[in-house]
Amino acid sequence: MPKTLAEEVKTPIDTAIADLREGTRTWASLTVGQRATLLRGVRRAVADTARAWARTAAASKGLSPAHPLRGEEWLSGPYGVLGALDAYVETLDRIATGRNPLDGVRIDRCPGARTRVHAFPLTGIDRVLLSGFTGEVWLRPGVTPGEARARAGLAQRTPREGDGGIGLVLGAGNVTSIPVLDVLYELLAHDRVTLLKVNPTQDPMVPVYERALAPLTALGLLRIVRGGPDVGAYLTALPDFAHVHITGSAPTFDAIVWGTGAAGKRRRREDRPQLKKPITAELGGVSPIIVVPGEWSAEDLRFQAEHIATMRLQNSGHNCIAGQVVILSSDWAQADQFRAELRRAYATAPERPIWYPRSDERMQQAADSYPDALVLADRLLVEIGPEDDAAALEQTEYFAPVLGIVTLPGQGQAFLDAAVAHANERLQGTLGANVLIDPATERALGEGFERSIAELAYGDIAINAWTGFAFITPTMSWGAYPGGTIEDVGSGIGVVHNALLLADVERSVVRGPFRPFPRSLGAIGSVLGSPASGGRFTILPKPPWFASARTAPEVSEGLTRFRARGGVLALLRTLVHAMRA
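An unreviewed UniProt entry lists the chain under the name Acyl-CoA reductase-like NAD-dependent aldehyde dehydrogenase, with Microbacterium resistens given as the organism.

Laid out in structure tokens, this is it:
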């Protein structure tokens, strides 16, 4: 427990907290315009460390400098942070000049008396480079567009009215941008300076974080400490923190809130949490991939199979929203063809180390539950048959390269309704859900499709995309569907990212192109106003986050460098690489 922590560990922590107390006064003294200027300084520091960031992250996960998946660490590291800083600077600039963060942003209504903010794309370069992708933030039922505008900006609307105190961020161990993005949200959404405890798996990143975030540490707005569970227990017990945020697992959350062993169970029974301060959390879950039956070409079957393989295998499956359960229609005429393509895509994706602690144990747990599963060198494919019990697959977040397939009867709206109900009722958690549907089928379902999306109770939904796109898009929100409590936390409490600083967020919905370039050329008619062709046009032949993208490292690095420094020639070289993906 905290008292057993060595003095040589306690002393730096006490010093850090004293620095942060002074930092609260410094932060409160800054105008919104000065805060925007500070973030520009952070942006320059992140840009300067981008190469070291991506290389350090890749090496820490066992990826060699020539590994075909090393590009993941560019996109999920410095690229994501640079995008967030750009979006936050834009929001602060608007507030500083008397404008609303939602000025010029389209707002309309969506099913269930909800207000919908069309939060992506908001810049010309995003409209081009990520053509075909859009993103919406849905607010809680009953919130009006006027209320959305009035509350946009959160703590930055009235930055000098209160002291948010000191926040404690218990950083994620799997994706290098997460701790930084959580620190930024504490600072900007809640006016809280932050102590960041880095997960031990991220220890190699600490020197990179210290360089990238030096403008914040120089002003006493951030302190970074290392340590394991003993340090976490010590920190959460301290009265100095106004709030705790954790990215991790539900058992870790429960240990923080209630304690462990018999004492923790007793506190839970008596409703006496040991944590005496508010806590928010992002805890993952079992993510569905709903495949709506339609008439797909051979190219569609192959592309979407590779899409699903990416959802599971990115970062070796060590993601809170890695797709885990594919829901297929047993009445789909092309189901067997699709299964064959999925087996091929899953088997042929590049191998990589299973690096996250205890993931090998969870892999073995899945193999023990499903002895007939297809076992590959570094991954497992479970196809649930009529006599099989899907409970382990649907209730265990393996956090490892384990992908399962379940089937339900039905076609069209009947299947979609059944799949949504199955995802809501049978799968553990409410963080992310994915839906794949061809344009003709989506058009035929019409309002029924949008109603089904509204009934899908997940905090992030991706239609013809992966929810990882929502994670990397800063103006989207990120977090569980509302409803988690300390007694039953599910996939977490609260949201992060949300660079427009919207209040009353319920979920985010991203939509992508069903077909890549050049097959997306058939959608040009819909862009020009012809409903007959349908679909979404995109210039991407294969997104760089696909595990099967041949030029993913070059494109991911090139996009990050363009985000950091600009430069038309460098961008053109990156686009040439993208066309060869």
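Draft legend 1. A look at the overall build of the chain. When you go through the chain residue by residue, the secondary structure sums to 22 helices and 19 strands. The C-alpha atoms of the chain give 23 Å as radius of gyration, which agrees with the globular expectation for 581 residues (25 Å, within 12%). If you line up the chain on its principal axes, its C-alpha atoms span 65 × 55 × 50 Å. Counting over 581 residues, the chain shows a buried share of 60%. Partitioning the intrachain contacts of the chain with sequence separation of at least 6 by distance along the chain shows that 78% fall at a separation of at least 24. Entry remark: accessible area of the chain is about 22000 Å², with carbon and sulfur atoms responsible for 55%. One finds the centroid of the 61 positive side-chain charges in the chain at a distance of 6 Å from the centroid of its 62 negative side-chain charges.

Draft legend 2. Up close: the pattern of salt bridges. Overall, the coordinates contain 40 salt bridges when judged by the stated rule. The closest approach of N and O atoms between Asp 240 and Arg 21, which form a salt bridge, is 2.4 Å. Taken together, the residues span a long stretch of sequence, with Asp 240 in the loop between helix H9 (229-237) and strand S7 (243-247) and Arg 21 in helix H1 (residues 7-29) at a distance of 219 residues. Asp 108 serves as the salt-bridge partner of Arg 116, at 2.9 Å between the closest nitrogen and oxygen. For the residue pair Arg 116 and Asp 108, the accessibility class agrees, reading buried in each case. A single network of salt bridges, built from pairs that share partners, joins Arg 106, Asp 108, Arg 116, Glu 136, Glu 450 and Arg 511.

Draft legend 3. Representation of the UniProt feature "domain: Aldehyde dehydrogenase" (unreviewed entry) in the chain within the structure. Sites flagged by UniProt as "domain: Aldehyde dehydrogenase" (unreviewed entry) map to residues 220-347. For residues 220-347, the helix share is 45%, the strand share is 20%, and the end-to-end C-alpha distance is 49 Å.

Draft legend 4. Structural detail: the sheet that holds strand S5 (residues 193-197). One open sheet holds the six strands; their spatial order is S6-S5-S4-S7-S8-S17, and the pairing between them is mixed. Two strands in the sheet have a free side with no partner beyond their single neighbour: strand S6 (222-225) and strand S17 (492-493). Bridge count between strand S4 (residues 166-170) and S5: five bridges; the pairing is parallel. The residue of S5 that forms the bridge with Leu 168 is Leu 195. In the packing of H1 onto the sheet, the strands contacted are S4, S5 and S6, and the crossing angle to S5 comes to about 150°. Packed on one face of the sheet, helix H10 (residues 250-258) meets S4, S7, strand S8 (279-282) and S17 and runs near 170° to S8.

Scoring rules and cut-offs
- Residues numbered from 1 in each chain as written.
- Predicted model: local features only at pLDDT ≥ 70, side-chain atom pairs only at ≥ 80, totals over all residues.
- Heavy atoms only, no water.
- Helix = DSSP H or I, 4+ residues; strand = E, 2+ residues; numbered from the N terminus.
- Rg over C-alpha atoms; globule rule 2.2 N^0.38 Å.
- Buried < 20%, exposed > 50% of the residue type's maximum accessible area, 1.4 Å probe, protein only.
- Contact = heavy atoms within 4.5 Å.
- Areas by Shrake-Rupley, 256 points an atom, 1.4 Å probe, with all protein chains shown as cover.
- Lys, Arg positive; Asp, Glu negative; His and termini not counted.
- Charge placed at Lys NZ, Arg CZ, Asp CG, Glu CD.
- Salt bridge = Lys/Arg side-chain N within 4 Å of Asp/Glu carboxyl O.
- UniProt positions renumbered as here; feature names shortened; annotations may be inferred.
- Pairing = 2+ DSSP bridges.
- Axes fitted to C-alpha atoms, helices over the stretch in contact; angles between N-to-C directions.

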